[in-house]
Amino acid sequence: MEEKQSYTISIYSENNIGLLNRISGIFLKRHINIESLNVSGSEIENVSRFVIVVNTTESWARRVVGQIEKQIEVIKAYYHTDDETIFQETALFKIKSDLLFDQRQIQNIIKESHSEIVTVSRDFFVIAKTGRRPEIEALYDELRPYGIMQFTRSGRISVSKERMDISTMLKEFQLIN
Amino acid sequence: METKTLTKKQEKKQTTMRISGAEAVIHCLLAEGVDLVYGYPGGAIMPIYDELYKFQDKLHHVLTRHEQGATHAAQGYARVSGKVGVAMATSGPGATNLVTGIADAQIDSTPMVCITGQVASHLLGSDAFQETDIVGISTPVTKWNHQITKASEIPEVIAKAFYIARSGRPGPVLIDITKNAQFEEFDFSYEKCTGIRSYNAKPEIDKSSVQQAAELINSAKKPFIVWGQGIILGQAEEELKQLIEKAGIPAASTILGLSALDSDHELNTGMVGMHGNYGPNVLTNECDVLIALGMRFDDRVTGDLNTYAKQAKVVHFEIDPAEIDKNVKTDVAVLGDVKESLQELMPLINSNKHEAWHEEFKKRYAVEFDKVIKNDIHPEKEGLTMGEVINQVNRASKHEAVIVTDVGQHQMITCRYAKFNKTKSNITSGGLGTMGFALPAAIGAKMGDPDREVVAVIGDGGYQMTIQELGTIFQTGAAVKIVVLNNDFLGMVRQWQQLFFDRRYASTEMVNPDFVKIAEGYHIKAKRVSKREDLEAAVQEMMASKEAYFLEVKVEKEDNVFPMIPTGSSVADIRLS
Ligand SMILES: Cc1ncc(C[n+]2csc(CCOP(=O)(O)OP(=O)(O)O)c2C)c(N)n1
């Protein structure tokens, strides 16, 4: 049996409303759970970038990327292992304001975890932490005993170590045609 | 629209006219060379139908009796003519009735453009009358789809739709047009689409892969070609023939590739797959180089993948990159248009003959003939067999007819025994196995090439799934010949029940109506045959008819189709009985 591991799938695409539906359908059909999904702009104007994290085998990652690339609006898709990418997630913690003053320990936690205070109001304050999943989870575990009013974590964002030369591809299209 | 497309200005001076979106749709279709559309009207598409009325001398609309019929007719038309088939329907149920045909066209790579009406854009998302999210519903089964809410989008989107449907690996496209966009007036002009930057229809051929393919083919002692519908879609029939003749390679077809090479060609060894021929299936596991041309290693072709052609080096010529290594790991992949790739390959191929190897196929054929074919087409038992009917059709058609089949035993028997000497002659639902496909597809096939004889061979089950299209045949005068092979069973399912479920015939027996009377009710000439001595004359009479003709043949109720590779078995373990 081929081993499963975490793969980051990066998709460059035209900005299209229906595309997310098409792409998620490709995973759904094969019962591959999307661990995280992030859609944003990219280094190219009007080109979107999807970063999708899945836990699957290499051969499935390759086939899924093949099916994704086949979609008309997809310019190019790649898959990478964790070693081949630089990646981060961001989490927000909403916490009662009085704790910040009553519990000295909280200030230490914030400092040691390299997180930052985004805002402080009368009732609550918000901590943001960017990093790898285990760091965010460690911070979560440390804060939990004090009471977390809200917690949320973003999908993975990642850039590859290898070049992903979309601009050249797009220029070539203009030249050939 | 965000997508960057390339367009070609029309030859004629570009003029704009102020017209409605609905009228623009007609002009777009005409500009794409469409002269025939299939469809069914309803509220949300009435503005377009109103324009169809005005343009009826230029653009012919065929009213099918169900929207599913419109899609299958468009598919039959596309597969015989090589052009894009067009189907239209209203919103809601009209649109959802298209879905089966769209899914069929997607899996069988048939170029088709479907146009659906949609509720006015201010009503979208409000659960309005006959509102349905057809773009969402059709997403997994279309090559591309798009909803238009403004008239000004119509030309660019339709141009793109036709480009996508017919280019690369063809497929179905659905365009959903809201009613307000159909009414709205705008300045219309049309430019054909010639490229989309995020879509590479035809990968460039890598010369070194062609070189490697040639080396493998030249060094092979036991090479074997399996070709698929890609040969037909890529118009590479002549290249296929040249290759097998020059290199002396025995070849077999997938079900959808049939008719790309003359059935009686010396090196044509038949069909691979679950009910294919004995030799090509078994010898897949003995060849040393397997050359796959425009085919996708469907599971009904390969059987158990873990034991499929493991001994062979695999060369795969394919236009769709996602098919490479999807099911079978290749040693050499030649990506690109199969016609161009084969043209590059030919000069590198040494003339050869593999007579001893070819002999292996002939030996297997003799076994299959003795155990199966003889009894199928020259039976000695009393009941009529499906095979002998097809044999009579062959004799009457002189191998020139387009043969359209539905799904089931009759389909497998027909694809096994029908003879073809022209390409684009075997029209069947391969990938989806859609019962109800044949009758409407035959209508489309006849209209796609009116000079050709079209014979639809259908089971009594599938016939009743789209039997209402007899009305379309009557109304349009489409001269299709319909043969229903009636075994009063859902035969293929019954066969599986017999073989794998201890003959528990759960819901497969059919109590059928008088099919002759039904055809006659539609004013179609009809006949029933149940005796061998009447068969030949009846088939001849049907084929000689200038008009549509219905022939019911009462065949043996519990015959089985063999050979057979049981699901999950190896091609080497194909059963002859
Ligand atoms: C729409 C649809 N429903 C169900 C099936 C499953 N199925 C495959 S073959 C078959 C039996 C077909 O019977 P009939 O049309 O009488 O043809 P025969 O096999 O007897 O030649 C069935 C039910 C199918 N392929 N398509």
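Conventions and cut-offs
- Residues numbered from 1 in each chain as written.
- Chains lettered and ligands numbered in written order.
- Predicted model: local features only at pLDDT ≥ 70, side-chain atom pairs only at ≥ 80, totals over all residues.
- Heavy atoms only, no water.
- UniProt positions renumbered as here; feature names shortened; annotations may be inferred.
- Phe/Tyr/Trp six-rings, centres within 6.5 Å; stacked < 30°, edge-to-face > 60°.
- Helix = DSSP H or I, 4+ residues; strand = E, 2+ residues; numbered from the N terminus.
- Buried < 20%, exposed > 50% of the residue type's maximum accessible area, 1.4 Å probe, protein only.
- Lys NZ or Arg CZ within 6 Å of the ring centre and 35° of its normal.
- Contact = heavy atoms within 4.5 Å.
- Pairing = 2+ DSSP bridges.
- Axes fitted to C-alpha atoms, helices over the stretch in contact; angles between N-to-C directions.
- Domains from an automatic or database assignment.

- An unreviewed UniProt entry lists chain B under the name Acetolactate synthase, with Zhouia amylolytica as the source organism.
- In its Catalytic activity (unreviewed entry) section, UniProt records this for chain B: "2 pyruvate + H(+) = (2S)-2-acetolactate + CO2".
- Recorded in UniProt under Sequence similarities (unreviewed entry), the annotation for chain B is "Belongs to the TPP enzyme family."

- Named according to an unreviewed UniProt entry, chain A is Acetolactate synthase small subunit originating from Zhouia amylolytica AD3.
- Under the heading Subunit (unreviewed entry), UniProt records this for chain A: "Dimer of large and small chains."
- The UniProt entry for chain A carries the following comment under Catalytic activity (unreviewed entry): "2 pyruvate + H(+) = (2S)-2-acetolactate + CO2".

**Details of the packing of aromatic side chains**
In step 1: Under the counting rule described, the total for this entry stands at 16 aromatic pairs over all chains.
In step 2: With 5.5 Å between their ring centres and 20° between their planes, Tyr463(B) and Phe550(B) make a pair best called stacked. A residue pair is termed long-range when its members are at least 10 positions apart, and Tyr463(B) in helix α19 (residues 460-463) and Phe550(B) in strand β22 (residues 549-554) qualify at 87 residues. Here the two residues Tyr463(B) and Phe550(B) agree in accessibility, since each one is buried.
In step 3: Clustering of aromatic rings is evident, with ring pairs tying together Phe93(A), Tyr140(A) and Phe151(A).
In step 4: In this structure, Arg63(A) is placed above the aromatic ring of Trp60(A), and the distance from its NZ or CZ to the ring centre is 4.3 Å.
In step 5: Positioned above the aromatic ring of Phe87(A) is the side chain of Arg156(A), whose terminal nitrogen or guanidinium carbon lies 3.7 Å from the ring centre.

**Examining the environment of Phe515(B)**
Residue and element names in this part refer to chain B.
In step 1: Mapped onto the fold, Phe 515 is located in helix α22 (residues 515-521).
In step 2: C-alpha separation for the pair Phe 515 and Pro 379, spaced 136 residues apart in sequence, amounts to 26 Å.
In step 3: Ignoring sequence-local partners within four residues, the contact set of Phe 515 consists of Asp 460, Tyr 463, Gln 464, Ile 467, Asn 486, Arg 528, Phe 550 and Glu 552.

**Considering the sheet that holds strand β16 (residues 332-335) of chain B**
All names here are of chain B.
In step 1: In spatial order, the strands read β13-β12-β11-β14-β15-β16; together these six strands make up an open sheet with parallel pairing. Among the strands making up the open sheet, the edge pair consists of β13 (268-271) and β16. Sheet twist, expressed as the average angle between the axes of neighbouring strands with direction ignored, equals 15°.
In step 2: Where strand β12 (residues 251-253) and β13 come together, two bridges link them in parallel fashion. Counterpart to Ser 253 in the pairing with β13 is Met 271.

**As for the domain arrangement of chain A**
In step 1: Examined at the domain level, chain A breaks down into domain 1 (5-85 + 160-176) and domain 2 (87-153).
In step 2: For domain 1 of chain A and domain 2 of chain A, the distance between their C-alpha centroids amounts to 32 Å.

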